[in-house]
Amino acid sequence: MNDDTVRLSMIGRIVRRRWRVLAALAVLGALVGAGASLIFSPGYKTTSQVLLQGAPDSSELMTETQIATSSVVLDRTAQALAWGVSGAELHDSVSAAAADGNIVGITAEAETPEKAQLLADQVAKEYVNYSSQLIGSTADAASQIRQEQEDALRRQVQETNDRITDLSRRVQGVTVESVEVRTQLETLRTALTEAMAKLDQLDGGGRQAQVVVMGSAELPASPAPPTMIHFVAGGALVFFLLGVLGHLVGARTDRRLRNEAEIAAAVGGPLLGSVDVPVTPEHAPARPDARWWAKLLKTDEPWNLPELNASADAASREIRYRRVLSRLGDGSGVFSRVLVLAAQDDPVARTAVAQLAAAGHGGRPELRVALIDPERPTVPDDREAAGVLVVVSSGTRTGWELVAITEAAADAGQRVLGAVVAQRTAAVPEPGGTHTAGDEALAGSA
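Since the structure is predicted, the reported quantities are computational estimates derived from the model, not experimental observations.

A. Region of the structure containing the overall build of the chain. Counting its regular elements, the chain contains 14 helices and 9 strands. Counting every position in the chain, which comprises 446 residues, the buried fraction comes to 37%. Split by element, the accessible area of the chain, about 25600 Å² in all, is 55% carbon and sulfur.

B. Summary view of the sheet that holds strand 2 (residues 94-99). Sheet architecture is open: 4 strands sit in the order 2-3-1-4, paired in antiparallel fashion. Lying at the two open borders of the sheet, with one neighbouring strand each, are strand 2 and strand 4 (211-213). Averaged over all adjacent pairs, the angle separating strand axes in this sheet is 30°, with direction ignored. Contacts between helix 3 (residues 58-68) and the sheet are confined to strand 1 (44-52), strand 2 and strand 3 (103-110), with strand 2 contributing the most and set at about 165° to the helix.

C. Quick look at the packing of aromatic side chains. For the coordinates displayed, the defined rule picks out 0 aromatic pairs. Of note, Lys115 hangs over the ring of Trp83, and the distance from its end group to the ring centre comes to 5.3 Å.

D. A look at the UniProt feature "transmembrane region" (unreviewed entry) in the chain. Feature annotation in UniProt places "transmembrane region" (unreviewed entry) on residues 228-249, given in this structure's numbering. As annotated, residues 228-249 comprises 100% helix and 0% strand, and the C-alpha atoms at either end are separated by 31 Å.

E. Representation of unusual backbone geometry. The residue after Pro225, namely Pro226, is reached through a cis peptide bond having omega -5°. Of note in this structure, Ala82 is not a glycine but carries a positive phi near 55°. Position of Ala82 among the secondary structure elements: in the loop between helix 4 (71-81) and helix 5 (87-90).

F. Summary view of the confidence of the model for the chain. For the chain, per-residue confidence averages 80 on the pLDDT scale, and 81% of positions sit at 70 or higher. Ranking the helices and strands of the chain by mean pLDDT puts helix 4 first, with 93, and helix 14 (residues 434-443) last, with 42. Low confidence marks residues 282-286, where pLDDT is under 50. Its contacts with residues over four positions away, or in another chain, come to 11 contacts. Confidence drops under pLDDT 50 across residues 431-446; counting only partners more than four residues distant or on other chains, this segment forms 23 contacts.

G. Representation of empty space enclosed by the protein within the structure. For the structure on display, the rule yields 1 cavity of 30 Å³ or more. Volume-wise, the largest cavity comes out at about 60 Å³. For the largest cavity, the full set of lining residues is Leu341, Ala342, Ala343, Asp346, Ile372, Val390, Val391, Val392, Arg397, Leu402 and Ile405. Sorting the residues of the lining of the largest cavity by element identifies strand 6 (337-343), strand 8 (388-393) and helix 13 (399-411) as the ones contributing at least two each.

H. Highlighting the side chain of Gln122. Mapping Gln122 onto the fold places it in helix 6 (residues 113-170). When its relative accessible area of 15% is taken as the criterion, Gln122 is described as buried. In contact with Gln122, not counting residues within four places along its chain, are Thr77, Ala80 and Leu81.

I. Molecular detail of the packing of helix 11 (residues 314-326) against helix 12 (residues 347-359). Viewed as axis vectors pointing N to C, helix 11 and helix 12 meet at an angle of 80°, and their least axial separation amounts to 9 Å. Comparing their axes, helix 12 and helix 11 come out roughly perpendicular. Note on element contacts: helix 12 touches helix 11 through Ala352, Gln355, Leu356 and Ala359, opposite Arg317, Glu318, Tyr321, Arg322, Val324 and Leu325. Residues of the contact of helix 11 with helix 12, tallied by class, amount to 6 nonpolar, 1 polar and 3 charged.

J. Representation of the pattern of salt bridges in the model. According to the stated counting rule, one finds 11 salt bridges in the structure shown. With a shortest N-O distance of 3.2 Å, Arg337 and Asp382 are connected by a salt bridge. Of this pair, Arg337 sits in strand 6 while Asp382 sits in the loop between strand 7 (366-372) and strand 8, placing them 45 residues apart in sequence. When sorted by exposure, Arg337 lands in the same class as Asp382, which is buried. Two residues, Glu401 and Arg397, come together in a salt bridge whose shortest N-O distance is 3.0 Å. When its relative accessible area of 25% is taken as the criterion, Glu401 is described as partly exposed. Its relative accessible area of 7% is what places Arg397 among the buried residues. Among the ionic contacts, a cluster of salt bridges with common partners joins Arg337, Arg368, Asp382 and Glu384.

K. Quick peek at a nonpolar patch on the surface. Together, Leu38, Ile39, Phe40 and Met228 make up an exposed nonpolar region whose accessible area comes to about 500 Å². Here the nonpolar patch takes 3 residues from helix 2 (residues 19-40), the largest share from any one element. Inspection of the secondary structure puts Met228 in helix 8 (residues 228-253).

L. Here's a closer look at the pairing of strand 2. Both strand 2 and strand 3 contribute to a ladder of 6 bridges, which runs antiparallel. The residue bridging Ala98 from the neighbouring strand is Val104, located in strand 3. Connecting strand 2 to the antiparallel partner strand 3 that follows it, the hairpin turn spans 3 residues, and Gly101 within it adopts a positive phi of roughly 85°.

M. Quick peek at the nonpolar core. Counting residues in each nonpolar core, the largest one holds 25 residues, and the members touching the most others are Leu328, Leu356, Leu389 and Val391. Looking at this core, the elements with two or more residues in it are strand 5 (271-279), helix 11, strand 6, helix 12, strand 7, strand 8 and strand 9 (416-426). Considering every element that reaches this core, the biggest residue donor is helix 12, with 7 residues. Among all residues touching Leu356, those that are not within four sequence positions of it are Tyr321, Val324, Leu325, Leu367, Leu389 and Val391. Ranked by size, the runner-up nonpolar core spans 23 residues in total, among them Val50, Val94, Val104 and Tyr130.

Criteria and cut-off values
- Residues numbered from 1 in each chain as written.
- Predicted model: local features only at pLDDT ≥ 70, side-chain atom pairs only at ≥ 80, totals over all residues.
- Heavy atoms only, no water.
- Helix = DSSP H or I, 4+ residues; strand = E, 2+ residues; numbered from the N terminus.
- Buried < 20%, exposed > 50% of the residue type's maximum accessible area, 1.4 Å probe, protein only.
- Areas by Shrake-Rupley, 256 points an atom, 1.4 Å probe, with all protein chains shown as cover.
- Pairing = 2+ DSSP bridges.
- Axes fitted to C-alpha atoms, helices over the stretch in contact; angles between N-to-C directions.
- Contact = heavy atoms within 4.5 Å.
- Phe/Tyr/Trp six-rings, centres within 6.5 Å; stacked < 30°, edge-to-face > 60°.
- Lys NZ or Arg CZ within 6 Å of the ring centre and 35° of its normal.
- UniProt positions renumbered as here; feature names shortened; annotations may be inferred.
- pLDDT = per-residue confidence, 0-100.
- 1 Å grid on protein atoms, 1.4 Å probe; cavity = no way out; pocket = protein on both sides within 12 Å on 5 of 7 lines; lining within 4 Å.
- Points joined across faces, edges and corners; volume = space filled by probe spheres on them.
- Parallel < 35°, antiparallel > 145°, perpendicular 65-115°, else oblique.
- Nonpolar A, V, L, I, M, F, W, Y, C, P; charged D, E, K, R; others polar.
- Salt bridge = Lys/Arg side-chain N within 4 Å of Asp/Glu carboxyl O.
- Patch = residues over 30% accessible without salt bridge, like charges linked within 9 Å, V, L, I, M, F, W, Y side chains within 5 Å.
- Core = buried A, V, L, I, M, F, W, Y, C linked by side-chain atoms within 4.5 Å.

Dropping the structure here:
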């Protein structure tokens, strides 16, 4: 079985056994997403387009986008709208970008379609007005300098005309050469006159601001993405995946042993078998420190334990327990007495010990039950016992804890005869089943 198959199997087990937790996390993520949408959702968006006539280059278009979102334009917009917000507060709701065809698009965001449309149109209007003022003030500052340069150019042209006239007078005779020289001089005079006429015509037109709003912005019909639905769905999905990832990371970092072979190796004895402990609402060996929400979400029950086929009924379950006892020694009942160890904080193992005691009641070997503290294990002295049988539930003890139990048994002069792995299974409680008899046997054990 490759790693991908193992991961898929674990994910399927998580979804199957932890669906309540994952559903609760998905609901929590949806609530977080709904709250985030109130802060980060853009609301309604619309764009107003402004046309720049002429042939501006890319740098000029970039400058125009900066002018469109400048503080002056936004302050004037805030004053004109009178919404009780400043231009600085409108900065996050307005953006400008250059598009093809010398167009500057001004995009506005607002909580309603009407406000978004009004904001986009007003910013476009204030931008056109401010851009016209900039062009006008620049033209006024440069007009005087340009006029002086034009006057100087006209004087130079007039001086050139006078010089041409003087040269024409100096040419004597009616020879071919003289006629050609006078013709060339007159042609030069005509060219200068036409150039000055064109210069006067261009100057008369002046420089006008060519910034035009192409029309009112469209009224948005629906909120712009990401909407609240996107945030809610995204939050639920993210929290669901985080829940699955958290379970996978927790299973990888958990050092408690779940594999039967690993448990037997840590105990230092042969594996005598696995037994099932039926868990019912009336007899569930729940954790004493489990909170009400842990019981509701089923987080007080392990999810990553290997699955064991549950016994069909109490009789078949008792047969399984008797088979475990029959594997002690050589099967002929050579052991007269065996000390059975289980941790005090392991309710599943304690229930399994009780059922073992009930299954072996009146026969051989005689079972003496001892509940030990897993943090400071101490095995009672019993010189008549042939050894100890360690009963541990899957996924409750680390390897070092099991080694400590084995060392405590060796310190008491007992050898480990074997290990029994107890696994909880879901079952319907049966009246008069072995569980009650097992509880009585455990209660009467030393």
